[in-house]
Amino acid sequence: MGYSAVKIFFFYESIDLGGQQTQTLQLLRRLSARSHQVGWLYLYGRDLVAEVEQVGAAIPVGTALLPGDYKRQPWKVIKIIMSLTRILKKDSPDFIVSGSGLGSFIVGVAARMLGIKHYRLMGCSLKQVEPTLLKYYRPLCVDKLIDLYLGWPEVFRELQSVGVSEAKCVALPPAVDSNMFFPNEKYRAKTRDELGIPAEEFVIGWIGRISRDMQVGNTIKTAKIMFDKGVHDFKVLLVGGGPWLQDLKQEAAELGLANHTIFTGWVPMHEVPAYVNAMDVVPLLELDPQGGSIVREAMACGRVALSVGGKSGTQASFMLPDCACLVSPENYIEEAVESILALKGDPVRRQYIGRHAATYASQHMSFDNQVNVILEKMYSHNTMPR
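Below you will find a few notes about this structure. (Residues numbered from 1 in each chain as written. Predicted model: local features only at pLDDT ≥ 70, side-chain atom pairs only at ≥ 80, totals over all residues. Heavy atoms only, no water.)

### Topic: the overall build of the protein chain
The number of helices and strands found in the protein chain is 16 helices and 13 strands. Taken over the C-alpha trace, the protein chain has a radius of gyration of 21 Å; the compact-globule value for 386 residues is 21 Å, and the two agree within 12%. On the principal axes, the C-alpha backbone points of the protein chain span a range of 60 × 45 × 40 Å. Counting over 386 residues, the protein chain shows a buried share of 56%. Long-range pairs, those at least 24 residues apart, make up 67% of the contacts in the protein chain between residues at least 6 apart in sequence. (Helix = DSSP H or I, 4+ residues; strand = E, 2+ residues; numbered from the N terminus. Rg over C-alpha atoms; globule rule 2.2 N^0.38 Å. Buried < 20%, exposed > 50% of the residue type's maximum accessible area, 1.4 Å probe, protein only. Contact = heavy atoms within 4.5 Å.)

### Some words on the packing of aromatic side chains
Under the definition given, this model contains 2 aromatic pairs. Ring centres of F95 and Y119 lie 5.8 Å apart, and the angle between their planes is 50°; this geometry places the pair in the tilted category. Of the two residues, F95 sits in strand β4 (residues 95–98) while Y119 sits in strand β5 (residues 117–121), which places them 24 residues apart along the sequence. Side by side, F95 and Y119 carry an identical accessibility label, which is buried. Pairing F182 with Y187 gives two aromatic rings, centres 6.1 Å apart and planes at 35°, and the pair type is tilted. Judged by its relative accessible area of 30%, Y187 is partly exposed. (Phe/Tyr/Trp six-rings, centres within 6.5 Å; stacked < 30°, edge-to-face > 60°.)

### Things to note about the sheet that holds strand β6 (residues 148–151)
Across the sheet, which stays open at both edges, the 7 strands sit in the order β3-β2-β1-β4-β5-β6-β7 with parallel pairing between neighbours. A single partner strand is all that each edge strand has here, and the edge strands are β3 (57–60) and β7 (169–171). Adjacent strand axes in the sheet meet at a mean angle of 25° when their direction is disregarded. Across the sheet, helix α1 (residues 19–33) touches β1 (7–11), β2 (37–42) and β5, and the angle it forms with β2 is around 160°. Most of the contacts of helix α8 (residues 153–160) go to β6, to which it runs at about 145°, and overall it touches β6 and β7. (Pairing = 2+ DSSP bridges. Axes fitted to C-alpha atoms, helices over the stretch in contact; angles between N-to-C directions.)

### Quick word on the pattern of salt bridges
Going through the model one piece at a time under the given rule, you end up with 19 salt bridges. Across the pair K190 and E194 runs a salt bridge, and its minimum N-O distance is 2.5 Å. You can see K190 and its partner E194 sitting in helix α9 (residues 185–195), 4 residues apart, about one turn around the helix. Of the residues examined, K190 reaches a relative accessible area of 52% and is grouped as exposed. The salt bridge involving D280 is made with R192; its shortest N-O contact spans 2.9 Å. Here the residue D280 occupies a position in the loop between α12 (272–277) and β11 (281–284), and R192 occupies one in helix α9, the gap between them amounting to 88 residues. Of the two residues examined, D280 and R192, each falls in the buried class. A single salt-bridge network, built from bridges that share partners, covers R30, R34, D177 and D368. (Salt bridge = Lys/Arg side-chain N within 4 Å of Asp/Glu carboxyl O.)

### A look at the packing of helix α10 (residues 216–228) against helix α14 (residues 332–344)
It is at 9 Å that the axes of α10 and α14 come closest, and there the two elements cross at 60°. It follows that α10 is oblique to α14 by the angle criterion. Of the two possible hands of crossing, α10 and α14 adopt the one that is right-handed. Where α10 abuts α14, its residues N218, K221, T222, I225 and M226 lie against Y332, I333, V337, I340 and L341. In the contact of α10 with α14, the residues fall into 7 nonpolar, 2 polar and 1 charged. (Parallel < 35°, antiparallel > 145°, perpendicular 65-115°, else oblique. Left-handed = near helix turned anticlockwise from the far one by under 90°. Nonpolar A, V, L, I, M, F, W, Y, C, P; charged D, E, K, R; others polar.)

### Regarding the environment of A189
Residue position: A189 is located in helix α9. C-alpha separation for the pair A189 and C141, spaced 48 residues apart in sequence, amounts to 53 Å.

### Thoughts on the environment of N372
Here N372 is to be found in helix α16 (residues 367–382). Considering only alpha carbons, one finds N372 and L172, 200 residues apart in sequence, at a separation of 9.5 Å.

### So, the packing of helix α4 (residues 75–91) against helix α5 (residues 101–114)
At a minimum axis separation of 9 Å, α4 and α5 run at an interaxial angle of 45°. What the angle tells us is that α4 and α5 run oblique. Our pair here, α4 against α5, has a crossing hand that is right-handed. Across the interface between the two elements, V77, I80, I81, L84, T85, L88 and K89 of α4 pack against F105, I106, V107, V109, A110, M113 and L114 of α5. Looking at side-chain class alone, the contact of α4 with α5 contains 12 nonpolar, 1 polar and 1 charged residues.

### Some thoughts on unusual backbone geometry
The backbone of S92 sits at a positive phi, close to 50°, despite the residue not being glycine. Located in the positive-phi region is C141, a residue other than glycine, with phi close to 55°. Note on placement: C141 falls in the loop between α7 (131–135) and β6. For C141, a relative accessible area of 36% translates into the label partly exposed.

Below, the structure written as C-alpha coordinates:
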(Lines give C-alpha, C1' and ligand atoms only; values in the text may rest on other atoms or scores of the structure.)
Protein backbone atom coordinates (compact mmCIF):
# COMPACT_ATOMS: atom_id res chain seq x y z
CA MET A 1 0.00 0.00 0.00
CA GLY A 2 1.89 3.06 -1.21
CA TYR A 3 1.11 6.73 -0.72
CA SER A 4 2.91 9.88 -1.73
CA ALA A 5 4.89 11.41 1.12
CA VAL A 6 3.04 13.87 3.35
CA LYS A 7 3.87 15.81 6.50
CA ILE A 8 2.06 14.59 9.63
CA PHE A 9 2.45 16.25 13.03
CA PHE A 10 1.26 14.88 16.36
CA PHE A 11 0.40 17.02 19.39
CA TYR A 12 0.53 15.61 22.91
CA GLU A 13 1.26 17.78 25.92
CA SER A 14 3.89 15.55 27.54
CA ILE A 15 6.84 14.01 25.73
CA ASP A 16 7.81 12.04 28.85
CA LEU A 17 7.27 8.27 29.13
CA GLY A 18 3.71 6.97 29.24
CA GLY A 19 1.26 4.75 27.39
CA GLN A 20 -0.03 7.30 24.88
CA GLN A 21 3.45 8.71 24.40
CA THR A 22 4.70 5.22 23.52
CA GLN A 23 1.92 4.78 20.97
CA THR A 24 2.68 8.18 19.44
CA LEU A 25 6.38 7.33 19.15
CA GLN A 26 5.60 4.00 17.50
CA LEU A 27 3.34 5.68 14.95
CA LEU A 28 6.00 8.29 14.21
CA ARG A 29 8.58 5.57 13.61
CA ARG A 30 6.41 3.63 11.21
CA LEU A 31 5.22 6.68 9.31
CA SER A 32 8.81 7.86 8.95
CA ALA A 33 9.86 4.41 7.70
CA ARG A 34 7.35 4.89 4.88
CA SER A 35 9.01 8.20 3.92
CA HIS A 36 6.41 10.50 5.49
CA GLN A 37 7.71 13.59 7.29
CA VAL A 38 6.71 13.56 10.96
CA GLY A 39 6.96 15.70 14.06
CA TRP A 40 5.80 15.81 17.69
CA LEU A 41 4.60 19.10 19.15
CA TYR A 42 4.70 19.14 22.96
CA LEU A 43 4.43 21.42 25.98
CA TYR A 44 6.65 19.77 28.60
CA GLY A 45 8.98 16.85 29.27
CA ARG A 46 12.25 15.54 27.80
CA ASP A 47 12.29 11.72 28.08
CA LEU A 48 11.46 10.89 24.46
CA VAL A 49 12.99 13.87 22.66
CA ALA A 50 16.08 11.95 21.51
CA GLU A 51 13.94 9.00 20.36
CA VAL A 52 11.64 11.28 18.37
CA GLU A 53 14.54 13.14 16.79
CA GLN A 54 15.80 9.87 15.31
CA VAL A 55 12.77 9.84 13.01
CA GLY A 56 11.42 13.39 12.90
CA ALA A 57 11.16 16.73 14.67
CA ALA A 58 10.52 17.22 18.39
CA ILE A 59 9.03 20.71 18.57
CA PRO A 60 8.39 22.51 21.89
CA VAL A 61 5.44 24.86 21.53
CA GLY A 62 6.95 27.27 24.03
CA THR A 63 4.55 27.42 26.97
CA ALA A 64 4.36 24.62 29.54
CA LEU A 65 0.76 23.78 30.42
CA LEU A 66 1.04 21.34 33.31
CA PRO A 67 -1.95 19.27 34.47
CA GLY A 68 -4.53 21.58 36.02
CA ASP A 69 -3.01 24.81 34.66
CA TYR A 70 -5.89 25.33 32.23
CA LYS A 71 -8.11 25.92 35.30
CA ARG A 72 -5.61 27.97 37.32
CA GLN A 73 -4.12 29.93 34.42
CA PRO A 74 -6.59 29.77 31.49
CA TRP A 75 -4.76 32.54 29.67
CA LYS A 76 -2.01 30.00 28.94
CA VAL A 77 -4.38 28.13 26.63
CA ILE A 78 -4.77 31.22 24.45
CA LYS A 79 -1.01 31.75 24.44
CA ILE A 80 -0.42 28.14 23.38
CA ILE A 81 -2.99 28.39 20.57
CA MET A 82 -1.21 31.48 19.26
CA SER A 83 2.23 29.81 19.46
CA LEU A 84 0.94 26.63 17.84
CA THR A 85 -0.69 28.58 15.03
CA ARG A 86 2.62 30.30 14.24
CA ILE A 87 4.47 26.96 14.17
CA LEU A 88 1.87 25.28 11.97
CA LYS A 89 1.78 28.22 9.58
CA LYS A 90 5.58 28.07 9.25
CA ASP A 91 5.92 24.27 8.93
CA SER A 92 2.69 23.62 6.97
CA PRO A 93 1.87 20.01 7.88
CA ASP A 94 -0.77 18.25 5.81
CA PHE A 95 -2.35 16.68 8.90
CA ILE A 96 -2.13 17.12 12.64
CA VAL A 97 -3.18 14.47 15.17
CA SER A 98 -4.00 15.50 18.75
CA GLY A 99 -3.86 13.02 21.63
CA SER A 100 -5.91 14.51 24.48
CA GLY A 101 -9.14 16.35 25.12
CA LEU A 102 -7.58 19.70 25.89
CA GLY A 103 -5.06 19.13 23.12
CA SER A 104 -7.85 18.52 20.63
CA PHE A 105 -9.37 21.90 21.49
CA ILE A 106 -6.04 23.72 21.24
CA VAL A 107 -5.06 22.00 18.01
CA GLY A 108 -8.56 22.26 16.59
CA VAL A 109 -8.68 26.05 16.89
CA ALA A 110 -5.23 26.45 15.29
CA ALA A 111 -5.91 23.88 12.57
CA ARG A 112 -9.23 25.46 11.62
CA MET A 113 -7.61 28.90 11.25
CA LEU A 114 -5.06 27.40 8.84
CA GLY A 115 -7.23 24.85 7.02
CA ILE A 116 -5.25 21.83 8.23
CA LYS A 117 -6.97 18.46 8.66
CA HIS A 118 -7.17 17.54 12.35
CA TYR A 119 -7.64 14.04 13.76
CA ARG A 120 -8.11 13.09 17.44
CA LEU A 121 -6.22 9.98 18.57
CA MET A 122 -8.30 8.64 21.45
CA GLY A 123 -6.22 7.35 24.33
CA CYS A 124 -8.82 7.00 27.07
CA SER A 125 -12.47 6.73 27.95
CA LEU A 126 -13.91 10.23 28.06
CA LYS A 127 -16.34 9.28 30.84
CA GLN A 128 -13.50 7.97 32.99
CA VAL A 129 -10.69 10.45 32.27
CA GLU A 130 -12.19 13.53 30.58
CA PRO A 131 -15.68 13.89 32.10
CA THR A 132 -15.52 17.71 32.15
CA LEU A 133 -14.75 17.83 28.43
CA LEU A 134 -17.56 15.39 27.70
CA LYS A 135 -19.99 17.54 29.70
CA TYR A 136 -19.15 20.65 27.66
CA TYR A 137 -18.58 18.96 24.30
CA ARG A 138 -21.70 20.45 22.73
CA PRO A 139 -21.50 23.97 24.30
CA LEU A 140 -17.84 24.34 23.29
CA CYS A 141 -18.53 22.91 19.80
CA VAL A 142 -15.44 20.70 20.16
CA ASP A 143 -16.64 18.30 17.47
CA LYS A 144 -16.56 21.10 14.88
CA LEU A 145 -12.78 21.32 15.45
CA ILE A 146 -12.11 17.64 14.67
CA ASP A 147 -12.31 15.92 11.28
CA LEU A 148 -11.95 12.28 12.38
CA TYR A 149 -11.62 10.30 15.60
CA LEU A 150 -9.22 7.34 15.84
CA GLY A 151 -10.12 4.91 18.62
CA TRP A 152 -12.31 1.93 19.56
CA PRO A 153 -16.08 1.15 19.74
CA GLU A 154 -16.81 2.03 23.38
CA VAL A 155 -15.21 5.48 23.22
CA PHE A 156 -17.10 6.09 19.97
CA ARG A 157 -20.36 5.36 21.80
CA GLU A 158 -19.40 7.99 24.37
CA LEU A 159 -18.72 10.50 21.59
CA GLN A 160 -21.99 9.70 19.82
CA SER A 161 -23.84 10.43 23.07
CA VAL A 162 -22.75 14.08 22.68
CA GLY A 163 -23.61 14.33 19.00
CA VAL A 164 -20.53 13.08 17.16
CA SER A 165 -21.41 11.39 13.88
CA GLU A 166 -20.60 7.69 13.59
CA ALA A 167 -19.14 8.47 10.15
CA LYS A 168 -16.30 10.41 11.83
CA CYS A 169 -15.20 7.46 14.00
CA VAL A 170 -12.40 5.23 12.71
CA ALA A 171 -11.53 2.06 14.64
CA LEU A 172 -7.86 1.26 15.22
CA PRO A 173 -6.77 -2.28 16.14
CA PRO A 174 -4.97 -2.66 19.50
CA ALA A 175 -1.20 -2.61 19.05
CA VAL A 176 2.11 -3.39 20.75
CA ASP A 177 5.68 -3.44 19.46
CA SER A 178 6.48 -7.16 19.40
CA ASN A 179 9.98 -6.40 18.13
CA MET A 180 10.67 -4.68 21.45
CA PHE A 181 8.38 -6.66 23.77
CA PHE A 182 8.82 -10.43 23.51
CA PRO A 183 9.48 -13.39 25.85
CA ASN A 184 13.10 -13.50 26.96
CA GLU A 185 14.31 -15.76 29.77
CA LYS A 186 17.72 -14.05 29.84
CA TYR A 187 15.98 -10.72 30.54
CA ARG A 188 13.95 -12.42 33.25
CA ALA A 189 16.86 -14.06 35.06
CA LYS A 190 19.17 -11.04 34.84
CA THR A 191 16.57 -8.52 35.99
CA ARG A 192 15.39 -10.65 38.90
CA ASP A 193 18.99 -11.16 39.99
CA GLU A 194 19.66 -7.41 39.88
CA LEU A 195 16.52 -6.72 41.92
CA GLY A 196 17.24 -9.45 44.45
CA ILE A 197 14.13 -11.45 43.54
CA PRO A 198 14.58 -15.24 43.86
CA ALA A 199 13.93 -17.18 40.66
CA GLU A 200 10.96 -19.00 42.17
CA GLU A 201 9.27 -16.00 43.80
CA PHE A 202 5.97 -14.78 42.37
CA VAL A 203 5.94 -11.23 40.98
CA ILE A 204 2.94 -8.95 40.43
CA GLY A 205 3.83 -6.12 38.05
CA TRP A 206 2.88 -2.59 37.07
CA ILE A 207 4.32 -0.49 34.25
CA GLY A 208 3.49 3.16 33.74
CA ARG A 209 2.69 6.44 35.40
CA ILE A 210 2.18 6.36 39.16
CA SER A 211 -0.55 8.82 40.01
CA ARG A 212 -3.77 8.69 41.99
CA ASP A 213 -5.92 8.59 38.85
CA MET A 214 -4.17 5.46 37.56
CA GLN A 215 -5.02 1.87 38.48
CA VAL A 216 -1.75 1.21 40.33
CA GLY A 217 -3.56 1.85 43.60
CA ASN A 218 -5.75 -1.19 42.96
CA THR A 219 -2.63 -3.28 42.38
CA ILE A 220 -1.47 -2.33 45.88
CA LYS A 221 -4.92 -3.10 47.31
CA THR A 222 -4.73 -6.54 45.70
CA ALA A 223 -1.33 -7.18 47.25
CA LYS A 224 -2.58 -6.08 50.67
CA ILE A 225 -5.49 -8.55 50.53
CA MET A 226 -3.07 -11.34 49.59
CA PHE A 227 -0.79 -10.35 52.47
CA ASP A 228 -3.70 -10.37 54.93
CA LYS A 229 -4.61 -13.86 53.73
CA GLY A 230 -1.19 -15.01 54.93
CA VAL A 231 0.46 -15.10 51.49
CA HIS A 232 3.89 -13.49 51.92
CA ASP A 233 6.09 -15.10 49.27
CA PHE A 234 5.57 -12.53 46.51
CA LYS A 235 6.85 -9.19 45.29
CA VAL A 236 5.09 -6.23 43.70
CA LEU A 237 7.34 -4.69 41.02
CA LEU A 238 6.31 -1.15 40.08
CA VAL A 239 8.12 0.23 37.03
CA GLY A 240 7.52 3.92 36.48
CA GLY A 241 7.32 7.25 38.21
CA GLY A 242 4.92 10.09 38.68
CA PRO A 243 3.40 12.53 41.15
CA TRP A 244 2.15 9.82 43.52
CA LEU A 245 5.40 7.83 43.73
CA GLN A 246 6.64 9.02 47.13
CA ASP A 247 3.19 8.92 48.73
CA LEU A 248 2.59 5.41 47.39
CA LYS A 249 5.90 4.26 48.86
CA GLN A 250 4.76 5.57 52.23
CA GLU A 251 1.32 3.97 51.82
CA ALA A 252 2.87 0.61 50.94
CA ALA A 253 5.03 0.81 54.07
CA GLU A 254 2.03 1.66 56.25
CA LEU A 255 0.20 -1.37 54.84
CA GLY A 256 3.09 -3.63 55.81
CA LEU A 257 4.20 -4.14 52.23
CA ALA A 258 7.56 -2.34 52.37
CA ASN A 259 9.52 -5.59 52.08
CA HIS A 260 7.26 -6.86 49.33
CA THR A 261 7.26 -3.82 47.04
CA ILE A 262 9.99 -2.70 44.63
CA PHE A 263 9.83 0.79 43.10
CA THR A 264 12.18 1.36 40.16
CA GLY A 265 11.14 4.90 39.25
CA TRP A 266 11.30 5.77 35.57
CA VAL A 267 13.66 3.58 33.58
CA PRO A 268 14.94 4.06 30.01
CA MET A 269 12.44 2.78 27.46
CA HIS A 270 14.77 0.13 26.08
CA GLU A 271 15.01 -1.43 29.57
CA VAL A 272 11.25 -1.76 30.13
CA PRO A 273 10.89 -5.16 28.36
CA ALA A 274 13.41 -6.71 30.73
CA TYR A 275 11.33 -5.62 33.71
CA VAL A 276 8.11 -6.90 32.12
CA ASN A 277 9.76 -10.26 31.55
CA ALA A 278 10.65 -10.38 35.26
CA MET A 279 6.94 -10.31 36.16
CA ASP A 280 4.46 -13.20 36.42
CA VAL A 281 1.09 -11.45 36.34
CA VAL A 282 0.34 -7.85 35.33
CA PRO A 283 -3.04 -6.51 36.56
CA LEU A 284 -4.98 -3.55 35.16
CA LEU A 285 -7.90 -3.22 37.52
CA GLU A 286 -10.83 -0.83 37.38
CA LEU A 287 -14.55 -1.19 36.72
CA ASP A 288 -14.32 -1.08 32.92
CA PRO A 289 -10.77 -0.66 31.55
CA GLN A 290 -10.34 0.62 28.01
CA GLY A 291 -7.31 -1.19 26.58
CA GLY A 292 -4.04 -0.21 28.24
CA SER A 293 -0.47 -0.54 26.96
CA ILE A 294 0.44 -2.28 30.24
CA VAL A 295 -1.60 -5.38 29.38
CA ARG A 296 -0.58 -5.45 25.72
CA GLU A 297 3.12 -5.28 26.64
CA ALA A 298 2.64 -8.03 29.22
CA MET A 299 0.96 -10.24 26.62
CA ALA A 300 3.71 -9.60 24.08
CA CYS A 301 6.32 -10.62 26.68
CA GLY A 302 4.49 -13.86 27.42
CA ARG A 303 3.34 -12.74 30.86
CA VAL A 304 -0.19 -13.18 32.22
CA ALA A 305 -2.16 -9.96 31.74
CA LEU A 306 -5.14 -9.71 34.09
CA SER A 307 -7.94 -7.18 33.76
CA VAL A 308 -11.69 -6.64 34.11
CA GLY A 309 -14.24 -7.73 31.54
CA GLY A 310 -16.35 -4.58 31.79
CA LYS A 311 -19.63 -3.85 30.05
CA SER A 312 -17.92 -2.11 27.12
CA GLY A 313 -16.30 -5.37 26.03
CA THR A 314 -13.05 -3.55 25.22
CA GLN A 315 -10.75 -5.89 27.16
CA ALA A 316 -12.55 -9.02 25.98
CA SER A 317 -12.02 -7.97 22.36
CA PHE A 318 -8.27 -8.71 22.58
CA MET A 319 -7.67 -10.41 25.94
CA LEU A 320 -8.95 -13.80 24.76
CA PRO A 321 -9.49 -16.70 27.22
CA ASP A 322 -6.30 -18.61 26.35
CA CYS A 323 -4.22 -15.42 26.11
CA ALA A 324 -5.06 -13.52 29.32
CA CYS A 325 -7.29 -13.50 32.40
CA LEU A 326 -10.43 -11.40 32.86
CA VAL A 327 -12.48 -11.03 36.02
CA SER A 328 -16.05 -9.77 36.29
CA PRO A 329 -16.78 -6.13 37.23
CA GLU A 330 -18.60 -7.17 40.42
CA ASN A 331 -16.07 -7.32 43.28
CA TYR A 332 -13.28 -7.23 40.71
CA ILE A 333 -10.46 -6.69 43.21
CA GLU A 334 -11.49 -9.67 45.34
CA GLU A 335 -11.95 -11.80 42.22
CA ALA A 336 -8.55 -10.63 40.94
CA VAL A 337 -6.98 -11.79 44.20
CA GLU A 338 -8.46 -15.25 43.79
CA SER A 339 -7.30 -15.42 40.15
CA ILE A 340 -3.80 -14.29 41.07
CA LEU A 341 -3.57 -16.85 43.88
CA ALA A 342 -4.70 -19.58 41.48
CA LEU A 343 -2.09 -18.50 38.93
CA LYS A 344 0.55 -18.32 41.64
CA GLY A 345 -0.03 -21.98 42.43
CA ASP A 346 -0.14 -23.10 38.80
CA PRO A 347 3.05 -22.27 36.85
CA VAL A 348 1.99 -24.61 34.02
CA ARG A 349 -1.15 -22.52 33.47
CA ARG A 350 0.91 -19.33 33.52
CA GLN A 351 3.25 -20.71 30.88
CA TYR A 352 0.34 -21.86 28.73
CA ILE A 353 -1.34 -18.44 28.81
CA GLY A 354 1.99 -16.69 28.25
CA ARG A 355 2.81 -18.68 25.11
CA HIS A 356 -0.60 -18.03 23.59
CA ALA A 357 -0.47 -14.34 24.56
CA ALA A 358 2.90 -13.75 22.90
CA THR A 359 1.78 -15.51 19.72
CA TYR A 360 -1.47 -13.55 19.58
CA ALA A 361 0.32 -10.23 20.15
CA SER A 362 2.87 -10.82 17.39
CA GLN A 363 0.23 -11.95 14.90
CA HIS A 364 -2.66 -9.58 15.62
CA MET A 365 -1.48 -6.47 17.48
CA SER A 366 0.68 -4.45 15.09
CA PHE A 367 1.36 -0.72 14.90
CA ASP A 368 1.80 -1.20 11.17
CA ASN A 369 -1.88 -2.15 11.04
CA GLN A 370 -2.76 1.10 12.82
CA VAL A 371 -0.67 3.08 10.35
CA ASN A 372 -2.39 1.34 7.44
CA VAL A 373 -5.78 2.45 8.76
CA ILE A 374 -4.62 6.02 9.42
CA LEU A 375 -3.05 6.47 6.01
CA GLU A 376 -6.04 4.97 4.22
CA LYS A 377 -8.33 7.46 5.96
CA MET A 378 -5.97 10.34 5.24
CA TYR A 379 -5.87 9.28 1.59
CA SER A 380 -9.63 9.06 1.23
CA HIS A 381 -10.18 12.20 3.31
CA ASN A 382 -7.77 14.39 1.43
CA THR A 383 -7.39 12.58 -1.89
CA MET A 384 -3.69 12.10 -1.29
CA PRO A 385 -2.06 10.81 -4.48
CA ARG A 386 -0.88 7.21 -4.24
